[in-house]
Amino acid sequence: MWNRISKHHLFWPLTVLAALLLFNLVYKPGFFSVRIQGGHLYGSLIDILNYGAPLILVAIGMTLVIATGGIDLSVGSIVAISGAIACLIVSRASDQHSLSIVLTAVGVALGLAIICGLWNGILVGGAGMQAIIATLILMVAGRGIAQLVTNGQIVTVTSNPYKYIGAGWLAMLPFSIFIVAAVLLAAAWLTRRTALGLFIESVGSNATASRLAGIRSRSVIFAVYIFCGLCAGLAGIILSSNVSSADGNNAGLWYELDAILAVVIGGTSLNGGRFYLSGTVVGALIIQTLTTTIYMVGVPPEITLVVKAFVVFTVCLIQSEKFRMAMTGKGKRRRAPAEREVTQHG
Amino acid sequence: MVKRQYLPILVTVALFILVFLAGSFRYTGFFSMQVLTNLLIDNAFLLIVAVGMTFVIVSGGIDLSVGSMVALTTMLSATLIEQLGWPPSLVIPCVLLFGALFGLGMGAIIHYFNIQPFIVTLAGMFLARGLCYVISINTITIDNAFYKDMAMTKIQLPGGGFISISVIIALAVVLLAIYLAHYTRFGRNTYAIGGSEQSSLLMGLPVARTKMLVYAFSGFCSALGGVVFTFYMLSGYGLHAVGLELDAIAAVVIGGTLLTGGVGYVAGTVFGVLIQGVIQTIINFEGTLSSWWTRIVIGILLFVFILLQRIINVRASKSRAV
């Protein structure tokens, strides 16, 4: 029984998350308390969910991309672009509070994010480039485009409906949580209740074999990059709406790395072929909790990077079969075919 | 008939000459020795870092930690000199050794635990950047006579321009790297591993040692780049050289090195760095263009060069099949 629990893919991520939360509880006994103030729920746990929302969104998109054996480095730039264009449209409007303007802004921003995703998809799926390199192009150029949109300035908006997206409340909870829940449910339904999830995993294991087996690998790759772009675009809107401004230079900086980290912590292998959306969500929550913890303990927030580095090392070592064999001394354990493939792949 | 493998590097050189000539026709005062030498002066650290990156990419890996390593080196140098009062003759070897060991450690993890270089060096990037902040969150200015001398000394060239000592260091690194890549066993092993690690292993090449050495060399180059960057900025700061890893990778790719490993030239990287520098210079000369155009143009160049590589690769595999 214990063996089955500890082998479950969520076991390690959840343990880490629990340990982090427990540490917080010991450090500050009131950490778990959630109080109602003015009809809203307030508390550290709600904060973690609220501030973690953009990261969870980006990480969900990234999970599917990584599942096809690719990677999307451009998400941080897409976050910046979509936030910039949405804020620009809203700020140019004569009446910023009009709902139609905000909807137009969101629509245009998401459309642009989809185009960015499509561009990545064309390069990876159509032209057959390596994913790291193909998305590197947009990562470098994208931040320039975002600055071009905002003309290098920080665009501020005063629109109430726009602010609602990232800082509003619905049924006592932050509105952004509902956006994340909707995207997560949609992604989970599409990948686990339809054949799409299997297609993605099969393309990730072997794109050529999948194509020969009749799966349209190219369309699958297009779809995941577009979805990833869309998620990043949504995250960009939430982020910029939360602070009512867009900063082409710094918005979404290093988001791609955090998102990849969340995916890896969640148990999805960077080699592709298998993915866990639930693990990714837990991974993103771990990162957000870690940040909150570090703020609370009072060490300079920049030190987060050192902690993150050790988290990445540890997670990677746990995932590395060679390391586990060295630790447990079970060198002659029978290996599952999938694991053997991963080893050979390296 | 030019060999197909030289095509990307020839395109790079031609592009550099073209861009430089275009700038010369458009702006008065552009076509001068000093503009050319300024390219080297302002990009000496990038050149050193990109040379190390070339080896890593030729071996089929990637090193994301270089920018942070540069920052950490500036921070370490500034602290050791200003706060602990070490002499530069001791500080510089120490930081270089530290960089090499840092790279060696990452290489060992990549090889022995079979983890993707991307993720290991990502962790290295976080670690190095974080260590900067552990040392100090603020800028530490360097007020040391030796460092100031290194920063200020100008060496007159016969053509009328001048260069700094950093340029000489950078050019020495380039020459050393060309020698290493094409005339030593280590270089040939690196190319072989980039071509196919499996085959290299079966051929009995020292894969483990070479891979670790490649990352150690890249770490050493980043540390040296950091030393040169310290001469350039005369300060240590945790936010120095943010995004340098991207510039270095871009320079290597524009220089014609295949990101899949196995093919590439150090000389190409030199021109990759120079092209980035010349674009920056043109944007400065233009005056009305803002700095973000640099990023966009570099992104477009990356796209063109990667596409070119794809086309060459596809052609090569087709002609092989026939």
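These figures come from a predicted structure and were not determined experimentally. (Residues numbered from 1 in each chain as written. Chains lettered and ligands numbered in written order. Predicted model: local features only at pLDDT ≥ 70, side-chain atom pairs only at ≥ 80, totals over all residues. Heavy atoms only, no water.)

Side note on the pattern of salt bridges
Let me state the cut-off plainly: Definition used for salt bridges: Asp or Glu carboxyl oxygen within 4 Å of a side-chain nitrogen of Lys or Arg. Residue burial is assigned from relative accessible area. The probe radius is 1.4 Å, only protein chains are included, and a residue is buried under 20% of its type maximum, exposed over 50%, and partly exposed in between.
Within the structure shown, the criterion is met by three salt bridges over all chains. Residues Glu201(A) and Arg192(A) are paired through a salt bridge, measuring 3.7 Å at the closest nitrogen-oxygen approach. According to the relative accessible area criterion, Glu201(A) is buried, its value standing at 17%. Given the relative accessible area of 42%, Arg192(A) is considered partly exposed. Close ionic contact of Asp143(B) with Lys148(B) constitutes a salt bridge, the shortest N to O distance being 2.8 Å. On the accessibility criterion, Lys148(B) (34% relative accessible area) is partly exposed.

Some points on the side chain of Ser164(B)
Applicable threshold: Runs of H or I in DSSP of at least four residues are treated as helices and runs of E of at least two as strands, each being numbered from the N terminus. Contacts: residue pairs with any heavy atoms within 4.5 Å of one another.
In this fold, Ser164(B) is placed in the loop between β3 (162–163) and α7 (165–183). Dropping the residues within four chain positions of it, Ser164(B) is found in contact with Ile41(B) and Thr153(B).

A closer look at the nonpolar core
Formally: Remark: nonpolar core denotes a set of buried residues (Ala, Val, Leu, Ile, Met, Phe, Trp, Tyr, Cys) joined through side-chain atoms within 4.5 Å.
If you look at the biggest cluster of nonpolar residues, it comprises 203 residues, and the most contacted ones within it are Tyr162(A), Ile260(A), Phe55(B) and Ile119(B). It is helix α2 (residues 33–58) of chain B that contributes the most residues to this core, 15 residues altogether. Among residues more than four places away in sequence, those in contact with Phe55(B) are Ala177(B), Leu180(B), Ala181(B), Phe186(B), Thr190(B), Val214(B), Phe217(B) and Val266(B).

Examining the confidence of the model for chain A
Residues and elements named next belong to chain A. So the rule is basically this: A score from 0 to 100, pLDDT tells how confident the predictor is in each residue.
Chain-level pLDDT for chain A is 82 on average; 93% of the residues reach the 70-or-more range. Across residues 331–335 the pLDDT falls below 50, and counting only partners more than four positions away or on other chains, this stretch makes six contacts in the model. Contacts for the low-pLDDT stretch residues 337–346, under 50 throughout, to residues beyond four places or in other chains number 11 contacts.

Points about the packing of helix α3 (residues 44–67) of chain A against helix α8 (residues 175–192) of chain A
Residue and element names in this part refer to chain A. Selection rule: Working convention: axes come from line fits to C-alpha atoms, limited for helices to the stretch in contact. Angles between N-to-C directions cover 0 to 180 degrees. Small angles under 35 degrees read as roughly parallel and large ones over 145 as roughly antiparallel, with 65 to 115 read as roughly perpendicular and the rest as oblique. Helix crossings are classified by the rotation of the near helix relative to the far one: an anticlockwise turn of less than a right angle makes the crossing left-handed, while a clockwise turn makes it right-handed. For this classification, the nonpolar set comprises Ala, Val, Leu, Ile, Met, Phe, Trp, Tyr, Cys and Pro, the charged set comprises Asp, Glu, Lys and Arg, and every other residue, Gly included, is treated as polar.
At a closest axis distance of 9 Å, the pairing of α3 and α8 adopts a crossing angle of 20 degrees. Overall, the two elements α3 and α8 adopt an arrangement that is roughly parallel. Relative to α8, α3 is oriented so that their crossing is left-handed. Residue-level inspection shows Leu49, Asn50, Ala53, Ile56, Leu57, Ile60 and Leu64 of α3 in contact with α8, the latter providing Ser176, Ile177, Ile179, Val180, Val183, Leu184, Ala187 and Thr191. In terms of residue class, the contact of α3 with α8 is made up of 12 nonpolar, three polar and no charged.

Quick look at the packing of aromatic side chains
To keep things clear, this is the line we draw: Pairs were defined over the aromatic rings of Phe, Tyr and Trp, the Trp ring being its six-membered one, requiring ring centres within 6.5 Å. Orientation was assigned from the angle between planes: stacked under 30 degrees, edge-to-face over 60, tilted for the rest. Throughout this description, the term charge over a ring refers to an Arg CZ or Lys NZ atom that lies within 6 Å of the ring centre and within 35 degrees of the ring normal.
For the structure on display, the rule yields 13 aromatic pairs over all chains. Pairing Phe55(B) with Phe186(B) gives two aromatic rings, centres 5.9 Å apart and planes at 10 degrees, and the pair type is stacked. Note that Phe55(B) is positioned in helix α2 and Phe186(B) in helix α8 (residues 185–195), a separation of 131 residues in sequence. Since its relative accessible area comes to 3%, Phe55(B) is described here as buried. Judged by relative accessible area, Phe186(B) falls into the buried class, the value being 16%. In textbook terms, an aromatic cluster arises when at least three aromatic residues are bridged by ring pairs, as seen for Phe16(B), Phe20(B) and Phe271(B). Over the ring of Phe275(A) we find Arg192(A), and its NZ or CZ is 4.4 Å from the ring centre. Sitting over the face of the ring of Phe162(B), Lys154(B) holds its NZ or CZ atom 4.7 Å from the ring centroid.

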